[in-house]
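Chain and residue survey
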Amino acid sequence: MTCWYEGPLAAFDTETTGVDVETDRIVSAAVVVQDAPGTRPRVTRWLVNPGVPVPAAATEVHGLTEEHLQRNGRWPAPVMYEVAQALAEQAAVGRPVVVMNAPFDLTLLDRELRRHRASSLDRWFERSPLLVLDPRVLDKHLDRYRKGRRTLADLCAHYEVELEEAHDAAADATAALEVTRAVGRRFASRLERLSPGELHTLQAVWHAAQARGLQAWFARTGTEEFVDPAWPLRPDLPAAA
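Residues numbered from 1 in each chain as written. Predicted model: local features only at pLDDT ≥ 70, side-chain atom pairs only at ≥ 80, totals over all residues. Heavy atoms only, no water.

A closer look at the overall build of the chain
Counting its secondary structure elements, the chain contains 9 helices and 5 strands. Counting from the amino terminus, helix and strand elements in the chain follow one another as β-β-β-α-α-α-β-α-β-α-α-α-α-α. For the chain, whose C-alpha radius of gyration is 17 Å, the value lies close to the compact-globule estimate of 18 Å for 241 residues. Here the chain, with 241 residues, has 50% of them falling under the buried criterion. (Helix = DSSP H or I, 4+ residues; strand = E, 2+ residues; numbered from the N terminus. Rg over C-alpha atoms; globule rule 2.2 N^0.38 Å. Buried < 20%, exposed > 50% of the residue type's maximum accessible area, 1.4 Å probe, protein only.)

Some thoughts on the packing of aromatic side chains
Applying the stated criterion across every chain, the model contains 3 aromatic pairs. Each ring, one from Tyr81 and one from Trp124, has its centre 5.1 Å from the other, and the planes form 75°; the classification is edge-to-face. Here the residue Tyr81 occupies a position in helix H3 (residues 76–92), and Trp124 occupies one in the loop between helix H4 (102–117) and strand E5 (132–133), the gap between them amounting to 43 residues. Seen from their ring centres, Trp217 and Phe218 are 5.7 Å apart, and the 50° between their planes marks the pair as tilted. Trp217 sits in the partly exposed class, given a relative accessible area of 44%. In this structure Phe218 comes out as buried when scored by relative accessible area, which is 10%. (Phe/Tyr/Trp six-rings, centres within 6.5 Å; stacked < 30°, edge-to-face > 60°.)

Following this line, the structure appears as structure tokens:
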């Protein structure tokens, strides 16, 4: 029987106006679908005019200027519907979706759906659950004592995955997908017997433990920062923008 990391996978990524999931907006998104390792992926891209200013610091990261998005981006409401629909299609066929640092991208999408569609991400998966694979959570749990950062670029370097055009949603999604396959192969003895559904449940537990550890470290160093243990989606805040 084919292991999940050698089978069909999809991946999702966004570029945004910033790093606050409650107030920042999506400016581009991509869903990548690959039927098997080494096969050409199918890529769907979206460019969004967020309707708010795009900070220069964000443009420096992903290269998308406010002027470019105003001229070429679509309004958020239809885009968020299409993105959610694309993810729901993956869930309906049981295809796992790779999302690097899932609580960031999925929570942003949820807030955009609430903002522009009076909906929520959970509503799209009432019939078929979304099975998420988060390479950051997987790597941190399986190789927990390795020193250094665990950004997508760091994971690509560690697992020898090529990352072209970093901070392009489609490129990042593709790289995250390949990193996840590489994690599966490297730790096959610990992962090959687990189904994507079992892994989804385990990652929620692993992420919570990782968050508690980071929160304890912040407390020891006097850093006043809250680490949310929720995965893959942060709970809704009543005052969300």
